Amino acid sequence: MGKLTLVILFGVMALAVTAEKRVGQPCVSGSNVGDPTPTASTPCELSGTTRATHNASDSGQAPACYYANATLTPMNETMLHGVRCYSPSRGYGNCRTGAHNYTTAVDYCSGLGSDYRLAFTNDEQGQMCANGCGLDSVTAMMWYGDSATQPSTSPTKSTMSPTMSPTTMSPTTKSPTGSPTTASPTTSPTTSPTGAPTKIGTTLSPTASPDTLSPTAS
């Protein structure tokens, strides 16, 4: 019973760990105050924060400041949190208004196409600070993706070697059998035909004439 209880408890713990994803908030609310047009080289106002490095001309948003060492907290994936989707090719991202569970967040980012996904790190999340959707508040926690569960943006190449061409065995050819052995015909029958049948006729000699008795005397 003790072992069974331990196995069940371990299984429940494993499910709990699997169901938890990371959330965090590296963005600094109001980080652009005092400098309406900061660039990647503009120092941040708060100590310990880092300025985003994305290209403002591409993103249309001045790079904000964020905490590169912000703490990430495990959270059940059914909870509702903010969603920002990061594009490695752009070095920037997009956001969605409102709070959503983890599955919805992953599906939303994937639906944007290209290589959009949830951010994996604070540096990726920080590139999207101040990009709208009201998600810079310190109380707004963002979902972080897990590289092991994020959908792949490119098809997975097979590493297995192609199977070899089927090996066709040569047909087994048996040597033809010898010519059939034909027995010589038997000789004609040697028995001569019998002669005409001999009829043995039994000829009885005619009987003697009847004896005629002389008439008796009167």
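What you are looking at is a predicted structure, and each value in this text was computed from that prediction instead of being measured.

Caption draft 1: The overall build of the protein chain, seen in detail. In terms of helices and strands, the protein chain carries 4 helices and 8 strands. Secondary structure elements in the protein chain, listed N-terminal to C-terminal, are α-β-β-α-β-β-β-β-α-β-α-β. Buried positions account for 28% of the 218 residues belonging to the protein chain. Restricting the contact set of the protein chain to residue pairs at least 6 apart, pairs at least 24 apart contribute 67%. Put simply, the protein chain shows about 15,800 Å² of open surface, and 59% of that area lies on carbon and sulfur atoms.

Caption draft 2: Highlighting helix 3 (residues 102–111). Taken as a whole, helix 3 has its buried residues at Y102, A105, V106 and C109. Seen from one end, helix 3 has its buried residues packed into an arc of 95°, which puts them on one side. Exposed residues on helix 3 whose side chains face more than 90 degrees from its buried face are D107 and G111. In this structure, the buried side of helix 3 is in contact with strand 1 (20–24), strand 5 (81–87), strand 6 (92–100), strand 7 (117–118) and strand 8 (142–144). One side-chain oxygen of the residue at the start of helix 3 lies 3.2 Å from the amide nitrogen of T103, identifying that residue as N101. G113 lies just past helix 3 and shows a positive phi near 80°.

Caption draft 3: Local environment of the environment of E45. Examined against the element boundaries, E45 turns out to sit in the loop between strand 1 and strand 2 (50–51). For the pair E45 and V28, spaced 17 residues apart in sequence, the C-alpha to C-alpha distance is 9.9 Å.

What counts and what doesn't
- Every chain begins its residue count from 1, and numbering advances along the sequence as written.
- Owing to the predicted nature of the model, reporting of local features is limited to residues with pLDDT of at least 70; listing and counting of side-chain atom pairs is limited to 80 or more, with chain, interface and lining totals taken over all residues.
- Only hydrogens and water are removed before side-chain values are computed, so all heavy atoms of the structure are retained for them.
- The secondary structure listing takes helices from DSSP runs of H or I that are at least 4 residues long and strands from runs of E that are at least 2 residues long, numbered from the N terminus.
- Exposure classes here rest on a 1.4 Å probe applied to the protein chains alone. A residue is buried below 20% of its type maximum, exposed above 50%, and partly exposed in between.
- The contact criterion used is simple: two residues touch if any of their non-hydrogen atoms lie within 4.5 Å.
- Note on areas: Shrake-Rupley, 1.4 Å probe, and residue coverage restricted to the protein chains presented here.
- Arc definition: directions from the helix axis to the C-beta atoms.
- Contacts described as polar in this section are N or O atom pairs within 3.5 Å, which, within protein, must combine one atom able to donate a hydrogen with one able to accept it, while residues neighboring in sequence count only if both atoms come from side chains.

That is the geometry; function is a separate question.
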